[in-house]
Amino acid sequence: MFGLFDFGSNTRTSSSLTTKDIVQKWYLIDCSGKKLGRLSVQIANILRGKNKPEYTPNSDVGDFVVLINAERIEISGNKSKDKIYFKHTGYPGNLKEINFQDLLNKDPEKVLRNAVKGMLPKNRLNRKIINKLKVYSGENHPHEAQNPEVIN
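This is a predicted model, so every value here is computed, not measured. (Residues numbered from 1 in each chain as written. Predicted model: local features only at pLDDT ≥ 70, side-chain atom pairs only at ≥ 80, totals over all residues. Heavy atoms only, no water.)

Trainee: So, the sheet that holds strand E6 (residues 149–151): which residues are in play, and what are the values?
Mentor: Read across the sheet, four strands follow the order E5-E2-E1-E6 without closing on themselves; strand pairing throughout is parallel. Only two strands of the sheet have a single partner each, and these edge strands are strand E5 (133–135) and E6. The sheet shows a mean angle of 25° between the axes of neighbouring strands, taken without regard to direction. Where strand E1 (residues 26–30) and strand E2 (residues 64–68) come together, five bridges link them in parallel fashion. Paired with Ile-29 across the strands is Leu-67, a residue of E2. Set on the sheet, helix H1 (residues 36–48) makes contact with E1, E2, E5 and E6; between it and E2 the angle comes to about 150°. Each of E2 and E5 is contacted by helix H4 (residues 108–118), which is oriented at about 155° to E5, the strand it contacts most. (Pairing = 2+ DSSP bridges. Helix = DSSP H or I, 4+ residues; strand = E, 2+ residues; numbered from the N terminus. Axes fitted to C-alpha atoms, helices over the stretch in contact; angles between N-to-C directions. Contact = heavy atoms within 4.5 Å.)

Trainee: Break down the layout of surface pockets for me, with residues and values.
Mentor: Here the largest pocket defines a volume of roughly 250 Å³. If you trace the largest pocket, you find it lined by Tyr-85, Phe-86, Lys-87, Lys-96, Glu-97, Ile-98, Leu-103, Lys-106, Asp-107, Lys-110 and Asn-114. Taken together, the residues of the lining of the largest pocket sort by class into four nonpolar, one polar and six charged. (1 Å grid on protein atoms, 1.4 Å probe; cavity = no way out; pocket = protein on both sides within 12 Å on 5 of 7 lines; lining within 4 Å. Points joined across faces, edges and corners; volume = space filled by probe spheres on them. Nonpolar A, V, L, I, M, F, W, Y, C, P; charged D, E, K, R; others polar.)

Trainee: Give me the pairing of strand E4 (residues 95–99): which residues, what numbers.
Mentor: Where strand E3 (residues 84–88) meets E4, five bridges bridge the pair, whose relative direction is antiparallel. Directly across from Phe-86, in E4, lies its bridge partner Glu-97. Between the antiparallel neighbours E3 and E4 lie six residues, among them Gly-90 with a positive phi of about 105°.

Trainee: Which residues make up the pairing of E1, and what are the values?
Mentor: Counting buried residues in E1 gives four out of five residues, a clear majority hidden from the surface. Crossover handedness for the path E1 to H1 to E2: right-handed. Pairing of E1 with E6, which is carried by three bridges, proceeds in the parallel orientation. Residue pairing for E6: Tyr-27 is matched across the bridge by Glu-149. (Buried < 20%, exposed > 50% of the residue type's maximum accessible area, 1.4 Å probe, protein only. Right-handed = clockwise from strand over helix to strand, strands pointing away.)

Trainee: Give a detailed account of the side chain of His-141, specifying residues and quantitative values.
Mentor: If you trace the backbone, His-141 turns up in the loop between E5 and E6. A polar contact of 3.2 Å, which involves the side chain of His-141, links it to the backbone nitrogen of His-143. For His-141, the side chain forms a polar contact with the side chain of Glu-144, separated by 3.1 Å. The contacts of His-141, once residues within four sequence positions are left out, are Leu-28, Val-66, Ile-68, Tyr-136 and Pro-148. (Polar contact = N/O pair within 3.5 Å; in protein donor to acceptor, adjacent residues only side chain to side chain.)

Below is the structure:
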């Protein structure tokens, strides 16, 4: 029965890309008037490289993202008063907490960095990927030389 079909040799091969083969682009996103959660998902996908056809979950194929106007990020509902960020100093009884609005006034870059970091995988690759996120609270950023592509 198999004599009727000539299967020949298997010519299908799969290849995996190395970090030298990846071309990393730079993107610029203006955060003013955008919702925190929806923007964080978009940023996390770009950082991981899920928008590329050569996406591989176990390697760093993502691009760099520059965020400006981080202090103008918005959040829906009563979350500005109700959302609380916790931090423990390591000493007994030293659980520190701060709500969203206070953290946004104090350090707006930390709000976006925490949101994006929570959407990345919890492994060693997370620490590499989060370093490609550059967050600035004002209009100015020092990455003009990289010619970032503007995303609306």
